[in-house]
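The lines below spell out each chain.
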Amino acid sequence: MPDAKALRPAVFLDRDGTICEEMGYLNHLSRLHIFPFAAAAIKKLNRAGLPVIVVTNQSGISRGIFPESLVAQIHARITEELSAGGARIDGYYYCSHTRQDDCACRKPLPGLLEQAAREHGLRLDRSFVVGDRYADVELAQGVGGRGVLVLTGYGRGEYELHRQEWPRQPEAVVEDLSAAVDAILGELL
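Residues numbered from 1 in each chain as written. Predicted model: local features only at pLDDT ≥ 70, side-chain atom pairs only at ≥ 80, totals over all residues. Heavy atoms only, no water.

### Considerations on the side chain of Gln58
In step 1: Turning to its location among the elements, Gln58 is positioned in the loop between strand S2 (52-57) and helix H2 (68-84).
In step 2: Taking relative accessible area as the criterion, Gln58 reaches 4% and is therefore assigned buried.
In step 3: One polar contact links Gln58 to Arg15, side chain to side chain, over a distance of 3.3 Å.
In step 4: Gln58 has contacts with Arg15, Asp16, Phe66, Val71, Tyr94, Cys95 and Ser96, leaving out every residue within four places of it along the chain. (Helix = DSSP H or I, 4+ residues; strand = E, 2+ residues; numbered from the N terminus. Buried < 20%, exposed > 50% of the residue type's maximum accessible area, 1.4 Å probe, protein only. Polar contact = N/O pair within 3.5 Å; in protein donor to acceptor, adjacent residues only side chain to side chain. Contact = heavy atoms within 4.5 Å.)

### Observations regarding the nonpolar core
In step 1: Within the largest apolar cluster, 37 residues are counted, with the highest numbers of intra-cluster contacts made by Leu82, Val130 and Leu177.
In step 2: Beyond its immediate chain neighbours, meaning those up to four positions away, Leu82 contacts Ile34, Ala38, Ala39, Ile42, Ala87 and Ile89.
In step 3: Among the nonpolar cores identified, the runner-up in size contains 18 residues, and Phe12, Cys103, Leu113 and Leu122 belong to it. (Core = buried A, V, L, I, M, F, W, Y, C linked by side-chain atoms within 4.5 Å.)

### Examining the sheet that holds S2
In step 1: One open sheet accounts for 6 strands, arranged S3-S2-S1-S4-S5-S6; its pairing is parallel. Of all strands in the sheet, those bounded by a partner on one side alone are strand S3 (91-95) and strand S6 (172-174). Strand-to-strand twist of the sheet, defined as the mean angle between neighbouring strand axes without regard to direction, takes the value 20°.
In step 2: Note that S2 and S3 share 5 bridges and pair parallel. Residue Val54 lies in a different strand from S3, and its bridge partner there is Tyr92.
In step 3: In the packing of H2 onto the sheet, the strands contacted are S2 and S3, and the crossing angle to S3 comes to about 150°. (Pairing = 2+ DSSP bridges. Axes fitted to C-alpha atoms, helices over the stretch in contact; angles between N-to-C directions.)

### Section: the pattern of salt bridges
In step 1: Scanning the entire structure with this criterion turns up 10 salt bridges.
In step 2: A salt bridge links Lys44 to Asp182; the nearest nitrogen and oxygen atoms lie 2.8 Å apart. One end of the pair, Lys44, is in helix H1 (residues 38-47); the other, Asp182, is in helix H6 (residues 177-188), and 138 residues separate them in sequence.
In step 3: The residue Arg146 makes a salt bridge to Glu187 at a minimum N-O spacing of 2.2 Å. (Salt bridge = Lys/Arg side-chain N within 4 Å of Asp/Glu carboxyl O.)

### With respect to the pairing of strand S4 (residues 128-131)
In step 1: In S4, alternate side chains face the same way, and those of Phe128 and Val130 on one face and Val129 and Gly131 on the other are all buried.
In step 2: Relative to S4, strand S1 (residues 11-13) is paired through 3 bridges, and the arrangement is parallel. For Val11, the partnering residue across the bridge sits in S4 and is Phe128.
In step 3: As judged from the 4 bridges shared by S4 and strand S5 (residues 146-150), these two strands associate in the parallel manner. Residue Gly131 lies in a different strand from S5, and its bridge partner there is Leu149.
In step 4: This β-α-β element, S4 to helix H4 (residues 134-142) to S5, shows right-handed connectivity. (Right-handed = clockwise from strand over helix to strand, strands pointing away.)

### Considering the packing of aromatic side chains
In step 1: Summed over the entire model, instances satisfying the criterion amount to 3 aromatic pairs.
In step 2: Here Tyr134 and Trp166 contribute two aromatic rings whose centre-to-centre distance is 4.4 Å and whose plane-to-plane angle is 15°, an arrangement assigned as stacked. On the criterion of sequence distance, the pair formed by Tyr134 in helix H4 and Trp166 in the loop between helix H5 (155-162) and S6 is long-range, its members being 32 residues apart.
In step 3: Note on Trp166: relative accessible area 10%, which makes it buried.
In step 4: Taking the centre distance of 6.2 Å and the plane angle of 50° together, the rings of Tyr159 and Trp166 count as tilted.
In step 5: Members of the aromatic cluster, connected to one another through ring pairs, are Tyr134, Tyr159 and Trp166.
In step 6: Just above the ring of Tyr154 sits the side chain of Arg133; from NZ or CZ to the centre is 4.4 Å.
In step 7: Looking at Arg163, its charged tip hangs above the ring of Tyr159, at a distance of 4.4 Å from the centre. (Phe/Tyr/Trp six-rings, centres within 6.5 Å; stacked < 30°, edge-to-face > 60°. Lys NZ or Arg CZ within 6 Å of the ring centre and 35° of its normal.)

The structure is reproduced here in structure tokens:
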């Protein structure tokens, strides 16, 4: 295991509601709509040398709503569209389980982040998680990282309706992924 000082921070991005429009269950490729600002925002992280990793709960697989092969197709399309804008995702990690499956990888549990950290040499306590659900914030805080809530997707409703119930607030609440990237780069650089 490399020395902790040699490990890099990363930016972990939720998928639905953060990179692309929230559709409930994204059960067909035709329903994928990437936000127009996503490629430019991710490209800024790439240029700053920060690994960008997608972490997403996809319980629709276990529920029989869509096949696992669709997740691969969606990730390939996201990669293709972001690449056309000069942006790159360094890895995709997803949990196909429901809450009842008692796994270690369903957000806000840290399994996906821990796997990505091992495979990419990442330091989680210096990393950020950006997402539109409080579970993304909890995920970040659970590994000592920083959680950024975007108000796209479910974010605005989560924040306006439930923030008083949260045991810890996000490190930042921003309009969208573009603003999240600017806040992250402002803190790191």
